[in-house]
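Coordinates in review
Below, each chain spelled out in residue letters.
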Amino acid sequence: MLARIHRLTLGQLRKQVESVTPAQFMNWLFRWQHVAPSSQLLGERGLLEGLRQLQGYESPANSWERQILARRIANYDPKDLDQLCLTGAIGWGRLSPHPATLELPTDGKRRVVPSSVAPITFFARDESEWMIPRRENDGAEDSTLSPGAGAVLQFLRQRGASFFSDIVRGTGKLKSEVETALWELVAAGLLTADGFDNLRALIDPKRRAGQGSGRSSRPRHSTGRWSLLYSGEDTDRNVALEAICWMLLRRYGIVFREVLTRESILPKWREVLITLRRLEDRGEIRGGRFISGFLGEQFALPVAVDSLRAMRKQQPTGEIITVSAADPLNLVGILVPGDRVASNSGRPVSFRDGVALLPEERPTIIPISAAR
């Protein structure tokens, strides 16, 4: 009897939902993710809040600061990110497996090639239950590495977290060889570091070349240790799945299959769906038809439902918002009509009241990469 009453209550709550159009939802997302000018975050505390919302989303390494964080944090200061990383609040790394590690060993096997567009993500260390370690290393990853990267990886496995100078001395390699090896291991999803400046030092070609003089000169190598990304500890899958669902709900407010199209490190949708249903049964989230035009079940945070309901009453303002193709809000061709834009294309994507603009409709918009 109690179970029947519970089902009837959930059914009644779902009937109370008033759906919005995809364009209205897209326009609402700009404020939910603090991209709209009136909703941007401030300072180190705001940056931490933004990273908690974005954690788990992989984007090209060279796009994070200029194209994603700077759009959400007013007067973004890279020192705030360094501080959050060095104090242990935030970590970073590649969580998706590199394509080369998924291939069967052959004589002509692919190698892991370092690239500034290698996808990485951030994670809040006190909320990292969603990080499900990849399969146990059976040698496939090691076989795709160069000899130099293999030597550095073996050193870190034996010695643990180490500074750059210790790695150079311990491996007997040249500094330039260790730099290349570290970048290769980051691209393979095997290493992380104490600070984000460690990654900047590898991405920036001018910095690696030691260019600059006086105040414009920057240290070629950064402070902070390099370490293995995963510790090898076992993870409770049910706990991890619930943490993944909460992570997605905080990012999008409303979760359904299509909105997760650009997510690269998720388990199968069926597992996510079962977990979301369990959260709804416990009364922690809402289920219903929140966004029109999409099949399948949809789930939302209660606060997101209230916020979206309030937004339905607002009139269009004609405001144009531009994001990078690498941004998680690049949902053209997924939520709203238009041609999909690859995340590593470096192109901007523009919206007017949540509707994607064609390239010829935005001639005066400055690309994000040129705006700084």
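Scroll up for the structure.
Just so you know, these numbers come straight off a predicted model, no measurement behind them.

Scanning the protein from terminus to terminus reveals 14 helices and 13 strands. Within the protein, the proportion of its 372 residues that are buried is 48%. Counting contacts in the protein only where the partners sit at least 6 residues apart, residues at least 24 apart contribute 74% of the total. Here the protein has roughly 18,300 Å² of accessible surface; of this, 51% comes from carbon and sulfur atoms.

Secondary-structure assignment places Glu 263 in the loop between β8 (254-255) and α13 (269-281). Residue classification places Glu 263 among the buried positions, given a relative accessible area of 10%. Within the structure, Glu 263 has its side chain in polar contact with the side chain of Arg 251 (distance 3.0 Å). Those residues within four positions of Glu 263 in sequence are excluded, and the remaining contacts are Gly 56, Tyr 57, Leu 248, Arg 251 and Tyr 252.

Spatial strand order, β2-β5-β4: 3 strands in an open sheet with antiparallel pairing. Each of the sheet's edge strands pairs with one partner strand only, and the pair in question is β2 (59-60) and β4 (90-93). In this sheet, strand β5 (residues 119-124) lies alongside β4 in antiparallel orientation, the contact comprising 4 bridges. Looking across to β5, one finds that Gly 91 is bridged to Phe 123.

Applying the stated rule across the entire model yields 9 aromatic pairs. Where Trp 64 meets Phe 122, the ring centres are 5.0 Å apart and the plane angle is 90°; that geometry is what we call edge-to-face. Taken together, the residues span a long stretch of sequence, with Trp 64 in helix α4 (residues 64-72) and Phe 122 in strand β5 at a distance of 58 residues. Given the relative accessible area of 0%, Trp 64 is considered buried. Exposure remark for Phe 122: the relative accessible area of 1% places this residue in the buried category. Between Trp 92 and Phe 196, the ring centres sit 6.1 Å apart and the planes meet at 85°, which makes this aromatic pair edge-to-face. Linking Trp 92 in strand β4 with Phe 196 in the loop between β6 (191-193) and α10 (197-203), this pair joins segments that are 104 residues apart in sequence. Here the two residues Trp 92 and Phe 196 agree in accessibility, since each one is buried. One aromatic cluster is present, built from ring pairs that chain together Phe 25, Trp 28, Trp 32, Phe 256 and Phe 294.

Turning to its location among the elements, Val 336 is positioned in the loop between β11 (320-324) and β12 (348-352). Sequence-distant contacts of Val 336, defined by excluding residues within four places in its chain, comprise Pro 22, Ala 23, Met 26, Leu 331, Phe 351, Gly 354 and Ala 356.

When glycine is set aside, most residues are seen to have a negative phi, and most peptide bonds are trans. The phi torsion at Asn 75 lies on the positive side, around 55°, for a residue other than glycine. By the element assignment, Asn 75 lies in the loop between β3 (73-74) and α5 (78-86). Exposure remark for Asn 75: the relative accessible area of 75% places this residue in the exposed category. Unlike most non-glycine residues, Asp 353 shows phi in positive territory, near 55°. For Asp 353, the location among the structural elements is in the loop between β12 and β13 (355-356).

Below, the discussion takes up the pattern of salt bridges. Per the counting criterion, the structure on display carries 16 salt bridges. Here Glu 242 and Arg 282 are joined by a salt bridge, their closest N and O atoms 3.0 Å apart. You can see Glu 242 sitting in helix α12 (residues 237-252) and its partner Arg 282 sitting in the loop between α13 and β9 (286-288), a full 40 residues away along the chain. The partner of Asp 306 in a salt bridge is Arg 309, with the nearest N and O atoms 3.1 Å apart. Within this pair, Asp 306 and its partner Arg 309 are both found in helix α14 (residues 302-312), separated by 3 residues, close to a single helical turn. On the accessibility criterion, Asp 306 (45% relative accessible area) is partly exposed. Among the charged side chains, a network of salt bridges with common partners joins Glu 65, Asp 82, Asp 197 and Arg 200.

Glancing now at the environment of Pro 337. Assignment of secondary structure puts Pro 337 in the loop between β11 and β12. Among residues more than four places away in sequence, those in contact with Pro 337 are Val 332 and Ala 356.

A few words now on the sheet that holds β9. Spatially, the 3 strands line up as an open sheet ordered β8-β10-β9, and their pairing is antiparallel. At either margin of the open sheet sits one strand with a lone partner, and together these are β8 and β9. Sheet topology note: the β9/strand β10 (residues 298-300) ladder contains 3 bridges and is antiparallel. Paired with Gly 287 across the bridge in β10 is Phe 299. On top of the sheet, α13 reaches β8, β9 and β10; it is set at about 50° to β10, its chief contact.

Moving on, we come to the packing of helix α7 (residues 147-159) against helix α9 (residues 175-187). Viewed as axis vectors pointing N to C, α7 and α9 meet at an angle of 80°, and their least axial separation amounts to 8 Å. In terms of orientation, α7 and α9 fall into the roughly perpendicular class. Counted together, Gly 148, Ala 149, Val 152 and Leu 153 of α7 and Ala 181, Leu 182, Glu 184 and Leu 185 of α9 form the full contact between these two elements. Its residues assigned to classes, the contact of α7 with α9 shows 6 nonpolar, 1 polar and 1 charged.

Criteria and cut-off values
Residues numbered from 1 in each chain as written. Predicted model: local features only at pLDDT ≥ 70, side-chain atom pairs only at ≥ 80, totals over all residues. Heavy atoms only, no water. Helix = DSSP H or I, 4+ residues; strand = E, 2+ residues; numbered from the N terminus. Buried < 20%, exposed > 50% of the residue type's maximum accessible area, 1.4 Å probe, protein only. Contact = heavy atoms within 4.5 Å. Areas by Shrake-Rupley, 256 points an atom, 1.4 Å probe, with all protein chains shown as cover. Polar contact = N/O pair within 3.5 Å; in protein donor to acceptor, adjacent residues only side chain to side chain. Pairing = 2+ DSSP bridges. Phe/Tyr/Trp six-rings, centres within 6.5 Å; stacked < 30°, edge-to-face > 60°. Salt bridge = Lys/Arg side-chain N within 4 Å of Asp/Glu carboxyl O. Axes fitted to C-alpha atoms, helices over the stretch in contact; angles between N-to-C directions. Parallel < 35°, antiparallel > 145°, perpendicular 65-115°, else oblique. Nonpolar A, V, L, I, M, F, W, Y, C, P; charged D, E, K, R; others polar.

Interpretation in functional terms is not warranted from these geometric data alone.
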